[in-house]
Amino acid sequence: MRWVFVGASTIAAQYMIGAVRSQAGHDVSWIVSGSEGRVGEWAKSHEIPNVTTDLAKALTDNDASAVYISSTNEKHHAQAMAAIEAGKHVLCEKPLAMSLSDAIEMTGAARNAGVVFATNHHLRCSGSHRKIRELIAQGRIGQVLSLRIFHAVHLPQHLQGWRINDASAGGGVIPDITVHDADVARFLLGEDPVDVVAQMTASGMGDGVEDSAMSVWMMPSGAMVMSHESFTHPFAGSGLEVHGSEGSIFARGVMTQEPVGEIEIVTAEGREHISYSSHSLYEQGVADFVGAIAGQGRPAADGIDGIKSLAVAHAVREAAQSGTRVTIDYGGF
Ligand code: NDP
């Protein structure tokens with residue numbers, strides 16, 4: 001299967017080209033970029049044969065049946081709609097779009113066109129998160145009472161561009177990281193947050209957008225979720241804890257792009273180290289997407305998952321801006 005990549009981005013270069021090539025018979029045949037001057041060299045270094053600044057041109061290639069979109073966030077909607085209209089399957093980066101209505105339109109268009117549409121929420125593809133979900137589902141910690149997500153990291157210098165200073169491109173830590181944490185909470189607990197309270201601030205990096213946020217979400221079961229995201233914390237380390245009536249799960253270093261981190265479960269029987277699969281998160285995500293195209297299962301995160309993570313992120317920002325508790329609007333999903 002041949003792929004069109006849209007956006008000569010860091011994530012494409014670091015993970016997604018390799019993830020596509022790890023699937024037998026798959027390769028990237030086009031790179032579509034807005035930067036004519038830069039993309040030629042980029043394509044050469046990644047051995048991608050076709051380069052264009054015209055998405056429509058790449059979409060006329062009948063040999064290419066999948067499109068991966070990793071442009072800046074404000075471009076996702078129009079690019080995904082064009083790819084869907086051309087009959088391509090689409091794996092789109094998070095956040096799916098700038099507005100919930102755009103994300104809903106993308107998902108609906110894909111359903112009507114009969115193509116697979118997925119959101120690249122990589123954390124639910126990791127062995128660690130899948131293992132934690134399994135432990136919870138097996139009842140190892142009893143009834144879940146709370147989830148704490150620690151996702152305050154340090155944005156590396158080379159990514160300190162639109163994320164920290166361009167609201168119109170979808171900058172800010174909430175669209176960047178809170179969407180992932182919303183997806184993690186939904187994936188692990190199997191339910192959607194109902195409402196949120198939140199605070200956000202700029203703590204050294206954000207210029208016109210927030211670089212740090214803390215929020216608390218209520219789940220339908222009564223479980224509470226505490227979520228912390230930041231671009232400015234060099235030494236905090238990431239992780240999550242799930243606390244239940246019969247035990248607690250402690251996962252350190254697992255909110256990351258790599259298959260790393262430690263999981264422990266503590267119950268009345270004592271403390272147990274938990275092992276898990278160390279496969280690549282992004283290769284797993286692409287494999288699940290390719291499987292869904294072949295009619296085997298569903299993508300790791302589909303369009304509705306992308307809509308819901310965006311809805312939570314929007315509610316967090318609204319709650320922080322207004323200083324009030326905000327009920328999450330999932331747009332009917
Ligand atoms: P980058 O800033 O690296 O790239 C974003 C866009 O900016 C590119 O598509 C490219 O557009 C342009 N660009 C990239 N590098 C340069 C440069 N040196 N000079 C000028 N323009 C440049 O962003 P990321 O790769 O970090 O993020 C892209 C998307 O992927 C976002 O939606 C983000 O949220 C998502 N993402 C998802 C991750 C995940 O784990 N699921 C992880 C990281 C990001 P063009 O080619 O059109 O010029």
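You'll find the structure just up there.
Keep in mind it's a predicted model, so treat the numbers as computed, not measured.

Regarding the overall build of the protein chain
No. 1: Along the backbone of the protein chain there are 10 helices and 15 strands.
No. 2: Relative to the globule expectation of 20 Å for 333 residues, the C-alpha radius of gyration of the protein chain, 20 Å, shows essentially globular dimensions.
No. 3: Taken over the C-alpha atoms alone, the protein chain extends approximately 60 × 40 × 40 Å along its principal axes.
No. 4: Put simply, the protein chain has 333 residues, and 55% of those count as buried.
No. 5: For the protein chain, the share of sequence-separated contacts (at least 6 apart) that also reach a separation of at least 24 residues comes to 68%.
No. 6: Side-chain charges of the protein chain comprise 23 positive and 37 negative groups, with the mean position of each set lying 3 Å from the other.

Focus: the side chain of His77
No. 1: When you line up the elements, His77 lands in helix α4 (residues 76-85).
No. 2: His77 sits in the buried class, given a relative accessible area of 18%.
No. 3: The contacts of His77, once residues within four sequence positions are left out, are Leu96, Ala97, Asp102, Glu105 and Met106.

Describing the packing of helix α8 (residues 173-189) against helix α10 (residues 303-322)
No. 1: One can describe the packing of α8 onto α10 by two numbers: an axis separation of 8 Å at closest approach and a directional angle of 120°. What the angle tells us is that α8 and α10 run oblique. Handedness of the crossing formed by α8 with α10: right-handed. Residues Ile174, Pro175, Thr178, Val179, Ala182, Asp183 and Arg186 of α8 form the contact with α10, whose own contacting residues are Asp305, Lys308, Ser309, Leu310, Val312, Ala313, Val316 and Arg317.
No. 2: Residues of the contact of α8 with α10, tallied by class, amount to 8 nonpolar, 2 polar and 5 charged.

Details of the site of the ligand
No. 1: Every one of the 25 residues lining the ligand counts as a neighbour, but Thr10, Ser33, Ser35, Asn73 and Tyr282 are closest to it.
No. 2: At a separation of 2.9 Å, an oxygen atom of the ligand approaches a polar side-chain atom of Arg163.
No. 3: In the complex, 79% of the free accessible area of the ligand, which totals 890 Å², lies under the protein chains.
No. 4: The set of elements that each furnish at least two residues to the shell around the ligand consists of α1 (10-21), α7 (162-165) and α8.
No. 5: Classifying every residue of the shell around the ligand by side-chain character gives 5 nonpolar, 15 polar and 5 charged.

With respect to the nonpolar core
No. 1: Ranked by internal contacts, the top residues of the largest apolar core, which has 102 residues, are Trp3, Phe5, Leu240 and Val242.
No. 2: For this core, the element with the most residues is α8, which contributes 10 residues.
No. 3: Contacts of Val242, omitting those with residues within four sequence positions, involve Ile132, Ile136, Ile141, Val144, Ser146, Leu147, Leu189, Gly247, Ser248 and Ile249.

Thresholds, definitions, all that
- Residues numbered from 1 in each chain as written.
- Predicted model: local features only at pLDDT ≥ 70, side-chain atom pairs only at ≥ 80, totals over all residues.
- Heavy atoms only, no water.
- Helix = DSSP H or I, 4+ residues; strand = E, 2+ residues; numbered from the N terminus.
- Rg over C-alpha atoms; globule rule 2.2 N^0.38 Å.
- Buried < 20%, exposed > 50% of the residue type's maximum accessible area, 1.4 Å probe, protein only.
- Contact = heavy atoms within 4.5 Å.
- Lys, Arg positive; Asp, Glu negative; His and termini not counted.
- Charge placed at Lys NZ, Arg CZ, Asp CG, Glu CD.
- Axes fitted to C-alpha atoms, helices over the stretch in contact; angles between N-to-C directions.
- Parallel < 35°, antiparallel > 145°, perpendicular 65-115°, else oblique.
- Left-handed = near helix turned anticlockwise from the far one by under 90°.
- Nonpolar A, V, L, I, M, F, W, Y, C, P; charged D, E, K, R; others polar.
- Near = heavy atom within 4 Å.
- Polar contact = N/O pair within 3.5 Å; in protein donor to acceptor, adjacent residues only side chain to side chain.
- Areas by Shrake-Rupley, 256 points an atom, 1.4 Å probe, with all protein chains shown as cover.
- Core = buried A, V, L, I, M, F, W, Y, C linked by side-chain atoms within 4.5 Å.

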